[in-house]
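# Descriptive structure summary
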Amino acid sequence: MTQRNEAPQKNDGEEHSLSAVLDRLKQAGDGDGEVGVNDVLDIFSDRSLGVLLSLFGLLAAIPVIGAIPGMSILTGTLILLAIARSTFGRGALHLPAALDAKKIDRGKFQAAIDKTRPVVEKIDKVLKPRVLYIVEGRGQRLLLSLAAALLAISMYPLALVPWGVQAPAAGIVAFGLALMARDGLFAAFGYALAGLTLYLVLVFV
């Protein structure tokens, strides 16, 4: 009896590129004049850790969105919660109404996303499974999650430094993409940005 080797099937409900994350992100707050954090969380509920890291890191890195006072601290907190949920499997990500007060005009929100698309599409073109020993295995994924958590924590003090959260936010996006695409090269890039972030904390904080 002949056996067929079939390629792994992707879950159609899961994003597998940063462009797909952007496409879903643009749907946030559909029908409303403003977009809040819970609007984003509603459409990304039950997504994998890789998608959530890419999402929250991207929100902190996009200038128009990340520049909202307190947004980098909020996204850092959400990253920590996403990692905790992935590790311990507890609850859904959703903010109380009192903490969901930071909103942005939906038109400006979508325009900011559109401005990032050319860069995102270039990133997606080079995203592929490689250097798998960095991303595959329970120990490697745990180490990656820990590094992402430390980057998220660094966003609290670096929020006081102009453009200080860009390095940790980019590192978190890199870790998210590494998990989404099993791309060890992006994981290595994330670790390099973690080192840069540590330097920034030591020098400026």
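Analysis parameters
Residue positions are counted from 1 within each chain, in the order its sequence is given. Residue-level local features of this predicted model are given only where pLDDT is at least 70; pairs of side-chain atoms are given and counted only at 80 or more, and the full residue set underlies all totals for whole chains, interfaces and linings. Only hydrogens and water are set aside; all other atoms, that is, all heavy atoms of the structure, feed into the side-chain values. For the purposes of this entry, the term helix denotes a DSSP run of H or I that reaches at least four residues, the term strand denotes a run of E that reaches at least two, and both are numbered from the N terminus. Any two residues whose heavy atoms approach within 4.5 Å at even a single point are treated as in contact. Each accessible area value is a Shrake-Rupley result obtained with a 1.4 Å probe; residue values ignore everything except the protein chains displayed when judging cover. For this analysis, a nonpolar core means a set of buried residues of the types Ala, Val, Leu, Ile, Met, Phe, Trp, Tyr and Cys, connected via side-chain atoms within 4.5 Å. Accessible area is worked out with a 1.4 Å probe on protein chains only. A residue is then buried under 20% of its type maximum, exposed over 50%, and partly exposed in between. Expected helix span is taken as 1.5 Å per residue step, with the number of steps being one fewer than the number of residues. Each reported salt bridge corresponds to a side-chain nitrogen of Lys or Arg within 4 Å of a carboxyl oxygen of Asp or Glu. For every residue, the pLDDT score states the predictor's confidence, bounded by 0 at the bottom and 100 at the top. Angles run from 0 to 180 degrees between N-to-C directions of axes, and those axes are lines fitted to C-alpha atoms, restricted for helices to the stretch in contact. In this scheme, roughly parallel covers angles under 35 degrees and roughly antiparallel covers those over 145, while 65 to 115 is roughly perpendicular and the rest are oblique. The handedness criterion is simple: a crossing whose near helix is rotated anticlockwise from the far helix by less than a right angle is left-handed, and one whose near helix is rotated clockwise is right-handed. Note on residue categories: nonpolar means Ala, Val, Leu, Ile, Met, Phe, Trp, Tyr, Cys or Pro, charged means Asp, Glu, Lys or Arg, and polar means any other residue, Gly included. Throughout this description, a polar contact denotes any pair of N or O atoms lying within 3.5 Å of each other; where both atoms belong to protein, one of them has to be capable of donating a hydrogen while the other can accept it, and for residues adjacent in sequence the pair is counted only when both atoms sit in side chains.

A tally of regular secondary structure across the protein gives nine helices and two strands. Starting at the N terminus, the α and β elements of the protein follow one another as α-β-α-α-α-α-β-α-α-α-α. Within the protein, residue pairs in contact and separated by at least 24 positions form 75% of the contacts whose partners lie at least 6 positions apart. Carbon and sulfur atoms make up 60% of the accessible area of the protein, which totals about 11000 Å².

Moving on: the nonpolar core. Ranked by internal contacts, the top residues of the largest apolar core, which has 62 residues, are L25, V40, F44, L53, L55, F56 and F109. In terms of residues, this core owes the most to one element, helix α8 (residues 166–181), which gives 10 residues. Beyond its immediate chain neighbours, meaning those up to four positions away, F56 contacts L41, T75, L78, I79, A82 and L93.

Helix length check: helix α7 (residues 138–158) (21 residues) gives 30 Å between terminal C-alpha atoms against 30 Å at 1.5 Å per residue, within 8%. All of the buried residues in α7 are L144, S145, A147, A148, A149, L151, A152, S154, M155 and L158. For α7, the secondary structure elements touched by its buried residues are α3 (49–61), α5 (71–88), α8 and α9 (184–204).

In the structure shown here, the tally under the stated rule is six salt bridges. Two residues, R47 and E15, come together in a salt bridge whose shortest N-O distance is 2.9 Å. Of this pair, R47 sits in the loop between α2 (37–43) and α3 while E15 sits in the segment before α1 (18–25), and the two are 32 residues apart along the sequence. In this structure, D114 engages K26 in a salt bridge whose closest nitrogen and oxygen atoms are separated by 3.0 Å. You can see D114 sitting in helix α6 (residues 106–126) and its partner K26 sitting in the loop between α1 and β1 (34–36), a full 88 residues away along the chain. Judged by relative accessible area, K26 falls into the partly exposed class, the value being 24%. Put simply, E15, R24 and R47 are held in one network by salt bridges that share partners.

What follows covers the confidence of the model for the protein. Here the protein averages 86 in pLDDT, while 89% of its residues score no lower than 70. Considering only residues more than four positions removed or in separate chains, one finds that residues 1–11, a stretch of pLDDT under 50, has two contacts.

Across the interface, α1 lies against α6 with an axial gap of 9 Å and an inter-helix angle of 165 degrees. The angle between α1 and α6 places the two elements in the roughly antiparallel class. Here α1 and α6 pass one another in a crossing that is left-handed. Of α6, the residues touching α1 (which contributes L18, S19, L22, D23 and L25) are F109, I113, T116, R117, V120, E121, I123 and D124. Partitioned by chemical class, the residues of the contact of α1 with α6 number seven nonpolar, two polar and four charged.

Below, the discussion takes up the environment of L18. Inspection of the secondary structure assignment puts L18 in helix α1. In the structure, L18 is positioned 104 residues away from K122 in sequence and 10.0 Å away in space, judged by C-alpha atoms. Once residues within four sequence positions are removed from consideration, L18 is found in contact with S54, V120, I123, D124, V173, L177 and M180.

For V131, which is not a glycine, the phi torsion comes out positive at approximately 45 degrees. Mapping V131 onto the fold places it in the loop between α6 and α7. If you check the backbone angles, W163 has positive phi at about 60 degrees while not being a glycine. Tracing the chain through its elements places W163 in the loop between α7 and α8.

With 21 residues, α9 should cover 30 Å at 1.5 Å per step; its first-to-last C-alpha distance of 30 Å lies within 8% of that length. Of the surrounding secondary structure, the elements contacted by the buried residues of α9 are α6, α7 and α8. Sitting at the amino-terminal end of α9 is D183, which places a side-chain oxygen 3.0 Å from the backbone nitrogen of L185.

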